[in-house]
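Structure at a glance
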Amino acid sequence: MRGLYIHIPFCKRICTYCDFTKRVPKDNLMIKEYLKYLKEELFSYEKYFSSIETIYIGGGTPTLLDETDLTILLDMLKDFKNIKEYSIEINPETLTLDKVKILKKYGINRCSIGVESFDDNTLKILGRSHTKNDIYNAVKMLKDNGFTNINIDLIFAVPGQNISSIENDLKEFYKLDINHLSYYSLILEENTILYHKYKHNLFKPIDNEIEAKMYEFIINDLEKNDFKQYEISNFSKNNSESIHNKIYWENKEYIGVGLGASGYVDSTRYTNNNLLKEYYKKYRKTEEFIDKNTKFSEEMILGLRMLKGINIDFVNKKYDKDILNDFSELKKYVNNGFLAIDNGYLHLTKKGLLIGNDIFELFI
Ligand SMILES: C[S@@+](CC[C@H](N)C(=O)[O-])C[C@H]1O[C@@H](n2cnc3c(N)ncnc32)[C@H](O)[C@@H]1O
Ligand code: SF4
């Protein structure tokens, strides 16, 4: 089983916090040219097509493509059989009824909407192009057209937010009656407008302690509202855990195509060029063979991100290790209540979720 990730690097404008590979397209010809190369790269992986079980179209903003270009994109993916989950990322203000109908026609069965917040002031700080109303319209259009598997992305620890703004965002989220939420804490990435402002003392980031309190509030509130946390930033209801994202977290292989995309195929991790001119000359920029030790480290870190945790016996046998003795710090974290062992699985506790990064350091 493999996943397929397709990157569409075009956005209407650039959000203040965004470090992803993206650009504002010069014109429609630029998008058409990109789709041509994307198709060529995609078909260079044709021999793997029969192993693909999930497709994820991300960005950038895939729904910035107009109806014609969206059809060109989805047409190149129409011959995949055995697809269990077919997702697309949506920016609320770019969705039209015609686009929703195209998504439905081509069999997309999971929509992930970049909402970030329901508060217009927070949206402004983040430089988003949508308003609260665009969010409601997008969700309504999707639901009216039979989409039931919907995720929204939210961000917390945005300058100006406090616990009561988080509470408000969650209230708005519950009203939408959606089964999946990815709730990220804001990361101040270098080379972003927000980071530049921070460096020039134009705002004060949220204090770590307050950020931890916000995260705790989020976890508890979602639990009270029947959402199961299954990964550090992901919560779901009614068995709607993302199959595609679990491929990443379970350290399985996936093909990534498009500008700046990364992939993991035949034990090799690769990253594509992130400048259009370079990408058109040569898709891949870097390649690294993943040896057994690196694979073990990745599997531990990714596995612990999931609330289910790591099957101790399975990992010990696979890597010829005795993790609890080889990494004696793990036992200390268990004794201090940051990690726990249940039914043979080593996993983060609620308390441990707050210091996940310290624990992951053991494997870097
Ligand atoms: C890859 S982005 C692209 C999706 C889509 N273009 C959008 O903006 O809605 C997916 C999600 O990552 C999250 N994200 C991106 N940059 C982030 C940052 N610096 N800190 C926290 N979350 C971030 C946002 O929640 C965003 O919706
Ligand atoms: S956050 Fe999304 S919409 Fe904003 S610039 Fe990044 S990819 Fe584009």
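Residues numbered from 1 in each chain as written. Chains lettered and ligands numbered in written order. Predicted model: local features only at pLDDT ≥ 70, side-chain atom pairs only at ≥ 80, totals over all residues. Heavy atoms only, no water.

Another point: the overall build of the protein. Of the regular secondary structure elements, the protein holds 16 helices and 15 strands. For 364 residues, the compact-globule formula gives about 21 Å, and the C-alpha radius of gyration of the protein, at 21 Å, lands near that figure. With the C-alpha coordinates of the protein rotated into their principal frame, the extents come out at 60 × 50 × 45 Å. For the protein, buried positions account for 53% of its 364 residues. A sequence separation of at least 24 residues applies to 68% of the contacts in the protein between residues at least 6 apart. Surface accessibility of the protein: about 17,600 Å² in total, with carbon and sulfur atoms responsible for 49%. (Helix = DSSP H or I, 4+ residues; strand = E, 2+ residues; numbered from the N terminus. Rg over C-alpha atoms; globule rule 2.2 N^0.38 Å. Buried < 20%, exposed > 50% of the residue type's maximum accessible area, 1.4 Å probe, protein only. Contact = heavy atoms within 4.5 Å. Areas by Shrake-Rupley, 256 points an atom, 1.4 Å probe, with all protein chains shown as cover.)

Positionally, E53 belongs in strand β2 (residues 52-59). A distance of 2.7 Å separates a polar atom in the side chain of E53 from a polar atom in the side chain of K84. Discounting residues that sit within four places of it in the chain, E53 has contacts with M1, R2, N82, I83, K84 and E85. (Polar contact = N/O pair within 3.5 Å; in protein donor to acceptor, adjacent residues only side chain to side chain.)

Attention shifts here to the domain arrangement of the protein. Each domain of the protein was delimited in the assignment, giving domain 1 (2-248) and domain 2 (293-364). Between the C-alpha centres of domain 1 and domain 2 the distance comes to 29 Å. In this assembly, 12 residues from domain 1 lie in contact with 9 residues from domain 2. Where domain 1 touches domain 2, the interface holds 2 salt bridges. Taken together, domain 1 and domain 2 are joined by 5 residue pairs in polar contact (both at pLDDT 80 or more). Contributing elements (two or more residues each) for the side of domain 1 that touches domain 2: α8 (208-224) and β7 (228-231). Broken down by element, the residue count for the side of domain 1 that touches domain 2 peaks at 6 residues, all from α8. Of the residues assigned to the side of domain 1 that touches domain 2, the class counts are 6 nonpolar, 3 polar and 3 charged. (Domains from an automatic or database assignment. Salt bridge = Lys/Arg side-chain N within 4 Å of Asp/Glu carboxyl O. Nonpolar A, V, L, I, M, F, W, Y, C, P; charged D, E, K, R; others polar.)

On to α8. End to end, α8 covers 24 Å across 17 residues, agreeing with the expected 24 Å (1.5 Å per residue, within 8%). Here α8 has its buried residues at M214, Y215, I218, I219, D221 and L222. Residues of α8 that are buried make contact with β5 (150-156), α6 (163-175), β6 (180-185), β7, β8 (234-236) and α15 (350-353). N-capping of α8 is provided by D207, with a side-chain oxygen placed 3.0 Å from the backbone N of E209. (Expected span 1.5 Å × (residues − 1).)

A few words now on the sheet that holds strand β14 (residues 339-342). The strand order across the open sheet built from 3 strands is β13-β15-β14, with neighbouring strands paired in antiparallel fashion. Every other strand in the sheet has two partners, leaving β13 (310-311) and β14 as the edge strands with one partner each. Taken together, the 2 bridges between β13 and strand β15 (residues 345-348) define a ladder with antiparallel strand orientation. Bridge pairing links I310 to L346 in β15. (Pairing = 2+ DSSP bridges.)

This paragraph deals with the site of ligand 2. Near ligand 2 the following residues occur: C11, R13, I14, C15, Y17, C18, K22, G60, T61, N91 and R128. Of the residues contributing to the shell around ligand 2, the split by class is 5 nonpolar, 3 polar and 3 charged. (Near = heavy atom within 4 Å.)

This brings us to the site of ligand 1. Taken together, 17 residues are adjacent to ligand 1, and G60, E116, R128, D153 and I187 come closest. At 2.7 Å from an oxygen atom of ligand 1 is found a side-chain nitrogen or oxygen belonging to R128. For ligand 1, whose accessible area on its own is 550 Å², the fraction buried by protein is 90%. Elements that contribute at least two residues to the shell around ligand 1 include exactly β4 (110-116), β5 and β6. Among the residues making up the shell around ligand 1, the classes are represented as 6 nonpolar, 6 polar and 5 charged.

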